[in-house]
Amino acid sequence: MAFKPSTLDFSAQSLFKMVFTRIPNVEYYTFSVTIPGITLGEATQPTPTLDIRLPGDKLVFDPFVLTFLVQEDLQNYVEIYNWLIGLGKPVSTDQHKAFVRKGFPERTEKQNKYSDASLFVLTNKNNPAIEVVFRDIYPISLSTITFDSSVADYAVLTADVTFNYLYYEFKKKS
């Protein structure tokens, strides 16, 4: 019997939506995202003639990188900056305490350090086809933004933010 795919529709690069619990201003300005890679470690069983490679027992998830359009007042850039400052507390531990208190009151201190995030891959009719859920995501890097008066044409500023997370999973939407 020949294989028949259940759908002949292909996913389009530009049809997606990103949603964060903690940083709502980034949602509307997300420019590009990449679903991170995943690697399964391996074990080697030595034998006298040939080492046998066996599947390991730990997964390694690549970081999640998101590029976003920077708002005129830098509000979405500052949201991520403040999150990083709250986690890294460069001046005093009071920065971390204020960051955790300013989070969501219904969540614990540990939960306020992280956010859940969802990447919705949309159909050709802009309906969610599948949701990629990132659990306990937090920023680890925020790129520079460069202002340059020598640019002749109007150019929108973009920035990259890199996140680590516990894991991600796929949820089929109906």
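Preceding this paragraph is the structure being described.
Please read these numbers as outputs of a predicted model, since none were measured by experiment. (Residues numbered from 1 in each chain as written. Predicted model: local features only at pLDDT ≥ 70, side-chain atom pairs only at ≥ 80, totals over all residues. Heavy atoms only, no water.)

Observations concerning the pairing of strand β5 (residues 64-69)
Step number 1: Bridge count for strand β2 (residues 30-33) against β5 is three bridges, and the pairing is antiparallel. Note on β5: the bridge partner recorded for valine 33 is leucine 66. (Pairing = 2+ DSSP bridges. Helix = DSSP H or I, 4+ residues; strand = E, 2+ residues; numbered from the N terminus.)

Examining helix α2 (residues 75-88)
Step number 1: Here α2 contains 14 residues, and its C-alpha end-to-end distance of 20 Å stays within 8% of the 20 Å for a straight helix at 1.5 Å per residue.
Step number 2: For α2, the complete set of buried residues consists of Asn76, Tyr77, Glu79, Ile80, Trp83 and Gly86.
Step number 3: Phi for lysine 89, located one or two positions after α2, is positive at around 40°. (Expected span 1.5 Å × (residues − 1). Buried < 20%, exposed > 50% of the residue type's maximum accessible area, 1.4 Å probe, protein only.)

What to know about the packing of aromatic side chains
Step number 1: Under the criterion given, the structure shown has 11 aromatic pairs.
Step number 2: Taken together, Phe20, Phe61, Phe64, Trp83, Phe134, Phe163, Tyr165, Tyr168 and Phe170 form an aromatic cluster joined through their ring pairs.
Step number 3: Just above the ring of tryptophan 83 sits the side chain of arginine 22; from NZ or CZ to the centre is 5.5 Å. (Phe/Tyr/Trp six-rings, centres within 6.5 Å; stacked < 30°, edge-to-face > 60°. Lys NZ or Arg CZ within 6 Å of the ring centre and 35° of its normal.)

What about the nonpolar core?
Step number 1: Counting residues in hydrophobic clusters, the biggest one holds 24 residues, and the most contacted among them are Phe20, Phe64, Leu66, Phe68, Phe134, Ile137 and Phe163.
Step number 2: Elements with a minimum of two residues in this core: β1 (16-20), β5, α2, β6 (115-122), β7 (128-142) and β8 (158-164).
Step number 3: For this core, the leading source of residues is β7, giving four residues.
Step number 4: Apart from residues lying up to four places away in sequence, phenylalanine 64 is in contact with Met18, Phe20, Val33, Thr34, Pro36, Phe134, Ile137, Val161, Thr162, Phe163 and Tyr165. (Core = buried A, V, L, I, M, F, W, Y, C linked by side-chain atoms within 4.5 Å. Contact = heavy atoms within 4.5 Å.)

No statement about biological role is implied by the geometric values presented.
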